[in-house]
Amino acid sequence: MNLLTVENLTVTLATGSGDAQAVRNLSFSVGHGEILGVAGESGSGKTMTALSMLGLLPYKGKASGSIKFDGREILTSTKREYRDIRGKEIAMIFQDPMTSLHPMLTVEVQLTEHLRHHRKVSKDAARNSALELLATVKIPEPAAALKAHPSQFSGGMRQRIAIAMALACEPKLLIADEPTTALDVTVQAGILKLLHQLRTDRNLSVMVITHDLGVLSSLTDRIMIMYAGSEVESGATSDLLQNPRHPYTKGLIAALPGNSEVNSKNLLSIDGMPPELGNFPSGCAFHTRCKFAKASCKETVPEVLNLSSDHRIFCPVNPFSELSNSGSK
Amino acid sequence: MKEILNLKNVAVEYDRHGRKVRAVAGVDLTLNSGEILGLVGESGCGKSTLGKAIVGILSPITGEIVFDGQKVKKLTRGKRPEHFRNLQMVFQDPYGSLNPRRKIGMQIADGLIVAGMSKKLALLKAEDLLEKVGLPRNAVGRFPHQFSGGQRQRISIARALAASPTAIIADEPISALDTSSQAQVANLLVNLVDEFDMGMVFISHDLSIVRRISDRVAVMYLGKIVEVGTVDQIWNNPSHPYTRALISAIPHADGTSFMPKDLPGDVPNPMSPPSGCRFHPRCPLAKAECASNEPELRKLADGRDVSCVLQTAGSQPVTITLN
Ligand SMILES: Nc1ncnc2c1ncn2[C@@H]1O[C@H](COP(=O)(O)OP(=O)(O)O)[C@@H](O)[C@H]1O
Ligand SMILES: Nc1ncnc2c1ncn2[C@@H]1O[C@H](COP(=O)(O)OP(=O)(O)O)[C@@H](O)[C@H]1O
Ligand code: SF4
Ligand SMILES: [Mg+2]
Ligand SMILES: [Mg+2]
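Here we come to the domain arrangement of chain A. Residues and elements named next belong to chain A. You can read the domains of chain A as domain 1 (4–89 + 172–186 + 205–323) and domain 2 (98–170). The C-alpha centroid of domain 2 is placed 31 Å from the C-alpha centroid of domain 1. If you look at the interface, domain 1 gives eight residues, while domain 2 gives seven residues. A buried area of about 600 Å², summed over both sides, lies between domain 1 and domain 2, and 61% of it is on carbon and sulfur atoms.

Structural data, given as structure tokens:
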């Protein structure tokens, strides 16, 4: 059984011009020890999807559908139940590690308080666990680091400390929202290695959110691509990146700097821009930018098309029919 | 190929609570017309500082910057000397560099009016420029907040173009944009450089984009250029360990489980740079002498410049492999 099973998740947010659905009918799962990647341009609903799992939607935000965690429905949890879930069962790290760290308190105070709050352990035991955690996330000289403030560390080290905080209560699922977006590639690589290691050593399940397909390629087992709040395609990482089938995924992959024609300086690009919340186009939301759109795409929300047991798209048009025929069931 | 910009031994210092921070520590560079020179390096290595010095926002403490035959002087409040209006800068955050309360058209027309054009003509020219960067002509009457990030970056590019620049310093112009806008704006810049035969310094921390659109690449580490060469030389056969480390850290979006290599350690504080080769504390190939002798830039047989003891002036580059 999967650790996390989300079905028909819809997130409604209050905007200046009324309610709007930022996440629409999203279904996905994360297995034990699996790393799922969620990709999509900004505004596609990635963060709202993550926040709905922790009961942290913005003011007036509502989630409907079903979120089963470890066999239990959690979408209907009370505030208190969510507080228990956060930290103990599902932990989250953010693009800016300072979101979960206090700049003026020592690392020791923050880590041990967190541990003592959730685990009711003695001060000494908490300190030892804190030291172990810092070693786990490969902070050099953990004992000295305990005495320092987060502001005394570089961005990459702060993200490691935020990961240590997230791991403190041994969550089963770690949600990492753009964890390396603000970091240099040289530092990013270290964080990717660490997340990979945590999965291997602890059988930790991870949901990584990013717009960077390179990051997902090195880290994930499966990828889900989102557009305007909905899934457009998902599949095993190698399959999805090497054999993308949705026109949007195709476009994103073609636009990667490494994939444009070698002899041209021009990059391939998807014309237009992602739509804004409240203005999602009807039917297939991508139809306004899609080279393959048919008249019906404007009217009909695409149904799921299973290409294999682990690769699906939400697109009725078969722009790559030779591939589609061989791949579909 | 005409040389449009020449930097000799340029150093720039900041004053941080009374202590000097040498953010750019002696840079030699040239830029030719019709060329894109990529400038890469980890954050904090001095790219923006160098860019600002080139256009005269900051003044170097040593060295000189010559643009199209004339020495660049620090900008003063008054009117920008005619000559240097042909040297423009585009910033990462287009919102920060546009005035939120003024209509787009006037912001583009400003430079033209200062140069003596009538307001009516300047506004017409602004419409032309907006069209040139792929925006509707009627955008002149709208305000910055009515546009997306990618569109605002096009607007600031249009504003730079108003001065008919012969060189543009673009500081992370696509870093804040979404995937689809990134490719669109990068293509726009490439095509403009081509069309107007401008020179462009394209500053970015993203070597994978730089490699696509540049002709030459300069790699910066802690205030110094450590390697400069053609894209092919830098990307396919880097000769400095730092360049190699930067390339090895880039993930491959190819669906293989390739794990990029990290480069342990942080960029040192420019307030107290390491002795010898500035890269030696993080360099996996450092020799004993690297801690004390600072390697000068040397020209290799293939024409590139590099500062590393592993390379010998006048010889072919030795292949650098890290582990
Ligand atoms: N507090 C909020 N109130 C209303 N809308 C919001 C709020 N926060 C985010 N949004 C909107 O919800 C949409 C989805 O946002 P998000 O999930 O953050 O996207 P992503 O993480 O994919 O960039 C966006 O259009 C965003 O502007
Ligand atoms: N206004 C400033 N005052 C003091 N130090 C600065 C200032 N701006 C930048 N620096 C320092 O100068 C160095 C180079 O910064 P910068 O040129 O912004 O690097 P990059 O653009 O490569 O990220 C960094 O150490 C940075 O902290
Ligand atoms: S000079 Fe020495 S320390 Fe510097 S890059 Fe070369 S080998 Fe490394
Ligand atoms: Mg987000
Ligand atoms: Mg900068």
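So, on to the packing of aromatic side chains. Taken as a whole and assessed by the stated rule, the structure comprises seven aromatic pairs over all chains. Ring centres 5.1 Å apart and planes at 80 degrees place the aromatic pair Tyr227(A) and Phe286(A) in the edge-to-face group. With Tyr227(A) in strand β9 (residues 222–227) and Phe286(A) in the loop between α10 (247–254) and β11 (305–308), the pair connects residues that are 59 residues apart, well separated along the chain. A single burial state applies to Tyr227(A) and to Phe286(A), both of which are buried. Arranged with centres 5.1 Å apart and planes meeting at 65 degrees, the rings of Tyr242(B) and Phe279(B) form a pair that is edge-to-face. Of the two residues, Tyr242(B) is situated in helix α9 (residues 241–248) and Phe279(B) in the loop between α9 and β11 (298–299); the sequence distance between them amounts to 37 residues. Of the residues examined, Phe279(B) reaches a relative accessible area of 1% and is grouped as buried. Through pairs of rings, three or more aromatic residues link up here, namely Tyr227(A), Tyr248(A) and Phe286(A).

All names here are of chain B. Taken together, Tyr-14, Arg-16, Ala-23, Glu-42, Ser-43, Gly-44, Cys-45, Gly-46, Lys-47, Ser-48, Thr-49 and Pro-270 make up all the residues around ligand 2. Gly-46 places a polar main-chain atom, nitrogen or oxygen, 3.0 Å from an oxygen atom of ligand 2. Calculation on ligand 2 without its partners gives an accessible area of 560 Å², and the protein chains cover 66% of this total. Every element with two or more residues in the shell around ligand 2 is listed here: β1 (3–16) and α1 (47–55). Per-element accounting of the shell around ligand 2 gives the leading share, three residues, to α1. Here the shell around ligand 2 is composed, by residue class, of four nonpolar, five polar and three charged.

All names here are of chain A. Assignment of secondary structure puts Ser-129 in helix α4 (residues 123–136). A relative accessible area of 19% means that Ser-129 is categorised as buried. Those residues in contact with Ser-129, other than ones at most four positions away along the chain, are Leu-115 and Arg-119.

Let us look at the site of ligand 1. Residue and element names in this part refer to chain A. Taken together, 13 residues are adjacent to ligand 1, and Gly-43, Gly-45, Lys-46, Thr-47 and Met-48 come closest. Between Ser-44 and ligand 1, the recorded distance is 3.2 Å, taken from a backbone N or O atom to an oxygen atom. Interatomic distance of 2.8 Å between a side-chain N/O atom of Lys-46 and an oxygen atom of ligand 1. When ligand 1 sits alone it has 560 Å² of accessible area, and the protein chains cover 67% of it. For the shell around ligand 1, the secondary structure elements donating two or more residues are β1 (4–15) and α1 (46–53). Of the residues forming the shell around ligand 1, the biggest block, three residues, is contributed by α1.

It is common to give the size of an interface as the accessible area that goes away when the parts come together. The interface of chain B with chain A comprises 39 residues on the first partner and 42 residues on the second. Here chain B and chain A share an interface that buries about 3200 Å² over both sides, 53% of which is from carbon and sulfur atoms. The largest contributions to the chain B side of the interface with chain A come from Arg212(B), Ala253(B) and Met259(B), which together make up 21% of the buried area. For the pair chain B and chain A, the interface holds two salt bridges. Between Asp262(B) and Lys193(A) there is a salt bridge, with the nearest N and O atoms lying 2.9 Å from each other. Where chain B meets chain A, there are 17 residue pairs in polar contact (both at pLDDT 80 or more).

Cut-offs and rules
- Residues numbered from 1 in each chain as written.
- Chains lettered and ligands numbered in written order.
- Predicted model: local features only at pLDDT ≥ 70, side-chain atom pairs only at ≥ 80, totals over all residues.
- Heavy atoms only, no water.
- Domains from an automatic or database assignment.
- Contact = heavy atoms within 4.5 Å.
- Buried area = accessible area lost by both parts, 1.4 Å probe.
- Phe/Tyr/Trp six-rings, centres within 6.5 Å; stacked < 30°, edge-to-face > 60°.
- Helix = DSSP H or I, 4+ residues; strand = E, 2+ residues; numbered from the N terminus.
- Buried < 20%, exposed > 50% of the residue type's maximum accessible area, 1.4 Å probe, protein only.
- Near = heavy atom within 4 Å.
- Polar contact = N/O pair within 3.5 Å; in protein donor to acceptor, adjacent residues only side chain to side chain.
- Areas by Shrake-Rupley, 256 points an atom, 1.4 Å probe, with all protein chains shown as cover.
- Nonpolar A, V, L, I, M, F, W, Y, C, P; charged D, E, K, R; others polar.
- Salt bridge = Lys/Arg side-chain N within 4 Å of Asp/Glu carboxyl O.

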